[in-house]
Amino acid sequence: MYTMGIDVGSASSKVVILKDGKDVVAAEVVQVGTGSSGPKKAMESAFEASGLKQEDISFTVATGYGRFSLDNADKQMSEISCHAKGIYFLVPTARTIIDIGGQDAKAIRLDNNGGIKQFFMNDKCAAGTGRFIEVMARVLETTLDEMAGLDEQAEETAPISSTCTVFAESEVISQLSKGTSRNNIARGVHMSVASRACGLAYRGGLEKDVVFTGGVAKNAGVVRAVSSVLKTDVIVAPNPQTTGALGAALFAYEAAQKK
């Protein structure tokens, strides 16, 4: 039996196809999200990678910001539930999840059975998200992929105190004009993002193991910053961008069994 999970985010579209509720046969990411051709392209890539067709899929669950925009989904579920499901499947020891996506950040507490105990979410402002890093990378005249390398070469952390992306952008420009190194500013940007996300985690009471997921988890500089703020090692989820889609595919399998 094949089931599919589709996670339509604000910045990217992710699809996971699962065989018999345990084997991932495709996990695809397209870097455009809701309101675009991203979901369709991600599904096409997943079908091509797996050799399957739409009619081979027994059940489809959609999640994420744009989950209600899909016509082919059998069910919609919140991204909180799907991230928790996906992470617990990958890392059964997980008790705290930090998820930083393109335009939001979440902290989720799990119980010993993978159930959700608490969650906190910041979706009102781009500060503390991937979008924040993207804006700052542009000011620093570098790319998202190069930010971690700049951070690694930093000698100290340039403070980024503004909680607003627009004001923080002005703050970075001011630091550059004073001669502050791009390396130190990159580390400051990552620390700013980590501090906001970890603040959400502390609100729920931090419990190990801590698993970091979302597209920003691919940035080693932010991973280091999160570990520093929490004063503990964090586990980066395997293929961190697709954990929500994986959870959706797992829920789809459970639903298909009840049909």
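Residues numbered from 1 in each chain as written. Predicted model: local features only at pLDDT ≥ 70, side-chain atom pairs only at ≥ 80, totals over all residues. Heavy atoms only, no water.

Caption draft 1: Broad picture of the side chain of K106. Topologically, K106 is positioned in strand β7 (residues 105-110). For K106, a relative accessible area of 4% translates into the label buried. Here D99 takes part through its side chain, which lies 2.7 Å from a polar atom of the side chain of K106. Here the side chain of K106 touches D104 through a polar contact of 3.2 Å, side chain to side chain. What K106 contacts, discounting residues up to four positions off in sequence, is E79, I80, H83, I97, I98, D99, F120, M121 and L200. (Helix = DSSP H or I, 4+ residues; strand = E, 2+ residues; numbered from the N terminus. Buried < 20%, exposed > 50% of the residue type's maximum accessible area, 1.4 Å probe, protein only. Polar contact = N/O pair within 3.5 Å; in protein donor to acceptor, adjacent residues only side chain to side chain. Contact = heavy atoms within 4.5 Å.)

Caption draft 2: Here's a closer look at the packing of helix α3 (residues 130-139) against helix α6 (residues 182-203). Look at α3 against α6: their axes get within 10 Å of each other, and the N-to-C directions meet at 165°. In this view, α3 runs roughly antiparallel relative to α6, as classed from their interaxial angle. Taken as a pair, α3 and α6 cross one another with a handedness that is right-handed. Note on element contacts: α6 touches α3 through V189, H190, S192 and V193, opposite F132, I133 and M136. Looking at the contact of α3 with α6 residue by residue, the classes come out as five nonpolar, two polar and no charged. (Axes fitted to C-alpha atoms, helices over the stretch in contact; angles between N-to-C directions. Parallel < 35°, antiparallel > 145°, perpendicular 65-115°, else oblique. Left-handed = near helix turned anticlockwise from the far one by under 90°. Nonpolar A, V, L, I, M, F, W, Y, C, P; charged D, E, K, R; others polar.)

Caption draft 3: Structural detail: the pattern of salt bridges. Per the stated rule, a full pass over the model turns up nine salt bridges. Residues D7 and K14 are paired through a salt bridge, measuring 3.9 Å at the closest nitrogen-oxygen approach. Judged on exposure class, the residue D7 and its partner K14 are both buried. One salt bridge connects R131 with E134, and the closest N-O pair in it is separated by 3.0 Å. Of this pair, R131 and E134 are both found in helix α3, three residues apart, which corresponds to roughly one turn of the helix. (Salt bridge = Lys/Arg side-chain N within 4 Å of Asp/Glu carboxyl O.)

Caption draft 4: Representation of the environment of L150 within the structure. You can see L150 is positioned in helix α4 (residues 144-152). By relative accessible area, L150 is classed as buried at 10%. Look past the residues within four positions of L150 in its chain and what remains in contact with it is T142, R182, N183 and A186.

Caption draft 5: Focus on the layout of surface pockets. Its volume calculated, the largest pocket comes out at about 970 Å³. Lining the largest pocket are 38 residues, and of these A11, G101, G102, G130 and G215 lie nearest its centre. Looking at the lining of the largest pocket, the elements with two or more residues in it are α2 (79-90), β6 (96-100), α3 and α4. At four residues, α3 tops the list of elements feeding residues into the lining of the largest pocket. (1 Å grid on protein atoms, 1.4 Å probe; cavity = no way out; pocket = protein on both sides within 12 Å on 5 of 7 lines; lining within 4 Å. Points joined across faces, edges and corners; volume = space filled by probe spheres on them.)

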